[in-house]
Amino acid sequence: MRIGELARHAGLTVRTLHHYDAIGLLTPSTRSEGGYRLYGPEDIARLHAIQAMRQLGLSLEDIGRLLDDGGGTTLPIIVDQQLRAIDVQIEQAEKLRARLGMLQAKLATGSMPDMDDWLATIRMMTTCDKYFSADELKTIFGNWRRIYTDWAALITDVRRTMKAGVPADSLEVQPLAHRWMTLMGIWMDGNLDLIHRWGEMYRHEPSALTGKGPDLGMVAYMDRAIQLRMAALGRHLSIDELLRLKQVPPEAWDTLAGSAAELMRQGVSPGASRARALGKQWLGLLERVADHDAVLFDKLLAAWRQEPLVAAASVREEAVRQYLQRAVQSVLDPIAA
């Protein structure tokens, strides 16, 4: 075939074939009677091999080396290089996808971010790359939409409590600490390592402080309350047992507290059947936290009975909490009630 004919059949340009000839990758091996350079069967077979390897992403230089020396030990090396290069591309694509997911989550809140917000988001994404893999970022930003509304409400409540001068070691702060831990658990898929790394990033990377989340003062305030709660739980449960605890969504506790408040408004005694039903519901939530493990449940119940910090966590209002405690007690010990 002459060069124009081969270009048409191969779906290439004449310029490409001239380039292959110039670098010695594919040179016409015969001539016609009129002196035209022609591509013979072996040349066409070589072009087929070139195109096949180009689809694998190999460079022309690597292709020429493979074809000229028959492959040998060179082929495994080149394929390994290509696989590593593709792995890098995949990682970069996953990071880009995670970043786009973060932007999508911000846009899903309903308002178009201004330029400062966009720049803060970009800085945040770059910072996150230092601490998390692409898969981890996918988890973090994917779960963010699940907690966004509750998290914003929690930040408002914590800020209000701090402004009122309530000490971090007060029982009044424990429901906030419980909500904080629960939402962080949902956000980070219950992975304590992710939670720890997120905290490290937040404390040490200025770009992580976007101005819309908690400031470092609030983080320190909540850290103190959480440490007290964990110390109280640690008097009854081992580290392994603490790691086995499951997250129950805050709305489950809130719904229960709302029902208890309504019974209080109606003047229903904590020992009455309707209140006892709520007590059984509360115990059911505790069983979920214990992952339906009887031994773990008993330890949690002991902590709840003996540790005011633990008892204060799940229900925000003290009067409602005390009412539920009496209702639960009437279930556990009906004779004493």
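See the structure shown above.
Anyway, here's the lowdown on the structure attached to this text.

Scoring rules and cut-offs
- Residues numbered from 1 in each chain as written.
- Predicted model: local features only at pLDDT ≥ 70, side-chain atom pairs only at ≥ 80, totals over all residues.
- Heavy atoms only, no water.
- Helix = DSSP H or I, 4+ residues; strand = E, 2+ residues; numbered from the N terminus.
- Contact = heavy atoms within 4.5 Å.
- Polar contact = N/O pair within 3.5 Å; in protein donor to acceptor, adjacent residues only side chain to side chain.
- Buried < 20%, exposed > 50% of the residue type's maximum accessible area, 1.4 Å probe, protein only.
- Lys, Arg positive; Asp, Glu negative; His and termini not counted.
- Salt bridge = Lys/Arg side-chain N within 4 Å of Asp/Glu carboxyl O.

Remarks on the environment of Tyr131
Within the secondary structure layout, Tyr131 lies in helix 6 (residues 115-131). Measuring from C-alpha to C-alpha, the distance between Tyr131 and Leu194 comes to 9.1 Å, with 63 residues separating the pair along the chain. Excluding its chain neighbours within four sequence positions, the residues that come into contact with Tyr131 are Glu136, Arg197, Glu200, Met201, His204 and Glu205. One polar contact links Tyr131 to Glu205, side chain to side chain, over a distance of 2.8 Å.

Remarks on the side chain of Asp43
Residue placement: Asp43 occurs in helix 3 (residues 41-55). Despite its burial, Asp43 pairs with no opposite charge, the nearest such side chain being Arg46 at 6.8 Å. Polar side-chain contacts of Asp43 include one of 2.6 Å to the side chain of Ser29. Setting aside anything within four residues of it in sequence, one finds Asp43 in contact with Leu26, Thr27, Pro28, Ser29 and Leu38.

Side note on the pattern of salt bridges
Counted under the stated rule, the structure contains 13 salt bridges. Across the salt bridge formed by Glu61 and Arg65, the nearest N and O atoms sit 4.0 Å from each other. Here Arg65 and Glu61 lie together in helix 4 (residues 60-69), a separation of 4 residues that amounts to about one turn. Under the relative-accessibility criterion, Glu61 is labelled exposed at 60%. Arg65 gets classed as partly exposed once you look at its relative accessible area, which sits at 34%.

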